[in-house]
Amino acid sequence: MGRSTPTFRAFTKEWSSECLKMMRVLPEKERSALKNLLDVVSSRSDAGSLVPSPLPSETALILMVIHLKAELNDLKTAIDKGGG
Amino acid sequence: MRGWILDVHQDGPGLVAMWFKSETGSTIKLLFEYEPYFLLLAPSWKLEEIHERVSGMGATSSEFVQKSLPSGKFKRMLMVRAKDGPSKKHLLKKLLRDQDVIAFDADIEVERQFLMERGLFPLARVDARRASGGFELQLRDDLESLEYDMPEFKRALLSAKTSRPFKTGDLEELNLSFEGAETISYDPKKGEEFVSLSDEVLRRGVDILFTKGGDGFLLQSMEKSADQLGVSENFSLNRDMSKMGFGGGGFSFTSYGVVRWKYRPALLRGRYHIDLDNFMGLPEGGLEGVFDLSRSCCVSVQKTARTSIGGIMSSLEDLVAFKRNIAIPMEGDQPEYFKSVLSLIRSDRGGFVMNPIPGVHEDVVEIDFMSLYPSLIAMRNISSETMRPMAVEGDITVPELDLGIASNRFGIVSDAVAFLLRRRIACSHMSSKEDDVYDRRQKAIKLILCSAFGYLGFRKAKFGRVEAHMATTAFAREALLKVIGLAESMGFKVVHAIVDAIWVREGETDHESLVRRMSETVGVPAKLKVDYKWVAFLNSRINPNVPVPTRYFGVTKEGGIKVRGIEARRNDTPPFVSISQLSMLESMAKVGLDEAPVVAVDGLRSSLRTLREGSVQPELLVIRKKLSRSPSEYRHRVAQALASQFIEREGGTVMPGMEISFIMTEDGPQPSDLVSSAPDLGFYETALIRAGHSILEPFGFTEEEVESKAHGQSGLSSFLMPRRSQC
């Protein structure tokens, strides 16, 4: 018997290698941004695995958005502190 | 007379031999009339028809019995007996040609069936007395008991020297060593020496004969040589001097994605042959563990020592079913319930893993549950026959999934697991020190418990069902998520969690409270496993920005070290690299965290110096690898392919699943027994630097930085400021 569906971690690996194809045409700074966002999805595969879905790419995109929102919050806090 | 059941085996048609070891030390063979059986289930008219004709097909008797199916339904079945194991098999094969006929209790070995039908078990203490036409046995033992007496076994070790490496060529010398270190040597070129060896084993009353490679090579070679020298009639290691008839060889199989090799067992009659090269229990519970499992699962000692952990679990489940009058199916026949894609994706998941926060963390405790999966199986009554596709009223409901578990009857698997759990907990309480007899027993039981969950999902498991497997992981995920929330609510920072354990940074509350609350919340005892002074979690080697759960190391508050997933824990790491890495960690354990990288680099430099000076013993450079395929089937010229091809050229036999050992030399990999060239220092230097990098990476250093520091003589100040985790 055993597992018949891939883990979110395995999906992420496959999906990341697909997305990395975009790197060929992206400008340098966007390449590193893409790599960074894909690493975020891999690092948060534990959270992704809690939301089993036939379309795991949706979960992966949500993880990217969460990361960006957290970074924005950090920036906002830093700006507020600097401004205060 | 009172004594123990040493061994049981078929001894000709309709006869079973039981070797009885009396309290006075004598061992005698008792013969019992016994015919093994199997059960048949078919439409009623067909069973009647089989009942009529089965005696003409070789059965010795047949009768109708009421037996329960695993599902709980009682059925009228036909119990057919045959004169011995091979006749039973032959008869069954003929009867199963009819597709309406299903067999039960059919693949249980004759000796197990004999014991199970009489309520006996291996190594049970019994009273034997002469009765009309044979012997009568009365059990003076309790299977549940942990305080049982064992006979005094007489032990001997048989070893051999061969003319060529890799256990090939001719036997050159045979050595028989007894307790007290007395060793007798025999010349295998002389027939009379074989006779004298078997006479000595008989005269000394050896109960346990240890060998190294007895299954795969030694006993078969001895038998062959004795035959060639014309003394086969007078040479045997069986206690009754009957012909041994070992075929030798073995077979490859795949388990959990790993190709393994297993030698065909060379089982002796009237004494135990324990092949230390083919002994599953040695690293865990030793012989005491094997004896305990043999008793508990009613499997002969020699077979227990060689059976896979899944095989032992399956035998115990058979025993549980037998005692409850449940017919034992030949193999699992439970098809998976129909599921929608979404339901399959939701169900088909493993344990929860919360990725570690990479870097170094101070004051961390690791807390884990004792036997979480087996406890959940036992507590939630998880077994193939208790699972339901949809929960109904009164059922135990499975979190996240629609599945239900019947709570109105005990499951076979959950009963078997509960028995082992009770036994393990009792042994743990009775153990007063590491490695005493109770500790060894609990270690052996632990090993079997580890297989309980995996075996539920094994497609051939008689009482397995994939939904039972899915339910177990669902309960475990729920338990782990609950304790993560609990720890955070108590002010702890969770730095990592995996399946049944969490790593938390100490907070305002003491960790004892967390351990207690975890046990209460889940209903399974939790315990503090390691109290770390600091622990370091590593990133993936392939992607250094992504953490991996299984690579970490740490220093405990007592100054000990714990490592997982790094070179020192890998079987294919040369001992010199493992020792060097552990020595670096030991140095790090002795100093403060700020100094730790400095002493690690010092250790790395020192190991590199030793390597370059050529003062490393060759055996410390040996690499051990398991072959995943035959030597000729490797497509790439990887080291293990080249080394195994070398062994074949030298006349050795290498098969998929076998482990080979070799040294990397300037002329490529050479088998460790036949090294003729100087070691490839560059290869070992790279391995050493990688091992150094593994323990310096969490402090923020790249492999290039580690390499330059290891080769350089200065610049140590940069190590004085380790980069710690930002959590």
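This is a predicted model, so every value here is computed, not measured.

## Topic: the interface of chain B and chain A
Counting from both sides, the interface comprises 19 residues of chain B and, opposite them, 14 residues of chain A. Broken down by element, the side of chain B that touches chain A gets its largest block of residues, 5 residues, from helix 9 (residues 341-347) of chain B. Its residues assigned to classes, the side of chain B that touches chain A comprises 10 nonpolar, 5 polar and 4 charged.

## A short note on unusual backbone geometry
Residues and elements named next belong to chain B. Positive phi values are uncommon outside glycine, yet Asn325 reaches one of about 60 degrees. The residue Glu400 is not glycine, and still its phi comes out positive at about 70 degrees. With respect to the secondary-structure elements, Glu400 resides in the loop between strand 20 (396-397) and strand 21 (404-405). For Glu400, a count of 17 C-beta atoms within 10 Å puts it in the partly exposed group.

## Description of the packing of helix 10 (residues 372-379) of chain B against helix 13 (residues 466-489) of chain B
Residues and elements named next belong to chain B. Running from N to C, helix 10 and helix 13 point in directions that differ by 115 degrees, and their axes come no closer than 10 Å. Compared by their axis directions, helix 10 and helix 13 come out roughly perpendicular. The two elements helix 10 and helix 13 meet at a crossing, and its hand is right-handed. Along the contact surface, helix 10 presents Leu372, Tyr373, Leu376 and Ile377, while helix 13 presents Thr472, Phe475, Ala476 and Ala479.

## With respect to the nonpolar core
Residue and element names in this part refer to chain B. The biggest cluster of nonpolar side chains holds 161 residues, and the ones touching the most others in it are Ile5, Ile377, Val413, Val417 and Ala471. Here the element with the most residues in this core is helix 13; it accounts for 11 residues. Leave out the neighbours within four places in its chain, and Val413 touches Glu317, Ile377, Ile382, Ser383, Ser384, Leu456, Phe463 and Ala468. Ala160, Leu176, Phe194 and Val206 belong to the second largest nonpolar core, which has 24 residues in total.

## A look at the pairing of strand 16 (residues 272-275) of chain B
Two faces make up the sheet, and in a regular strand the side chains alternate between them. Residues and elements named next belong to chain B. Side-chain alternation along strand 16 places Tyr272 and Ile274 on one buried face and His273 and Asp275 on a second face that is also buried. Pairing analysis gives 4 bridges linking strand 13 (residues 208-211) to strand 16, with the strands arranged parallel. Across the sheet, the residue bridging to Phe210 is Ile274, located in strand 16.

## Points about the environment of Ser22 of chain B
Relative to the elements of secondary structure, Ser22 of chain B occurs in strand 2 (residues 15-22). For Ser22 of chain B and Glu109 of chain B, which are 87 residues apart along the polypeptide, the C-alpha to C-alpha distance reads 25 Å.

What counts, and at which threshold
Residues numbered from 1 in each chain as written. Chains lettered and ligands numbered in written order. Predicted model: local features only at pLDDT ≥ 70, side-chain atom pairs only at ≥ 80, totals over all residues. Contact = placed C-beta atoms within 7 Å. Helix = DSSP H or I, 4+ residues; strand = E, 2+ residues; numbered from the N terminus. Nonpolar A, V, L, I, M, F, W, Y, C, P; charged D, E, K, R; others polar. Buried ≥ 20, exposed ≤ 12 C-beta atoms within 10 Å, placed from the backbone. Axes fitted to C-alpha atoms, helices over the stretch in contact; angles between N-to-C directions. Parallel < 35°, antiparallel > 145°, perpendicular 65-115°, else oblique. Left-handed = near helix turned anticlockwise from the far one by under 90°. Core = buried A, V, L, I, M, F, W, Y, C linked by C-beta atoms within 7 Å. Pairing = 2+ DSSP bridges.

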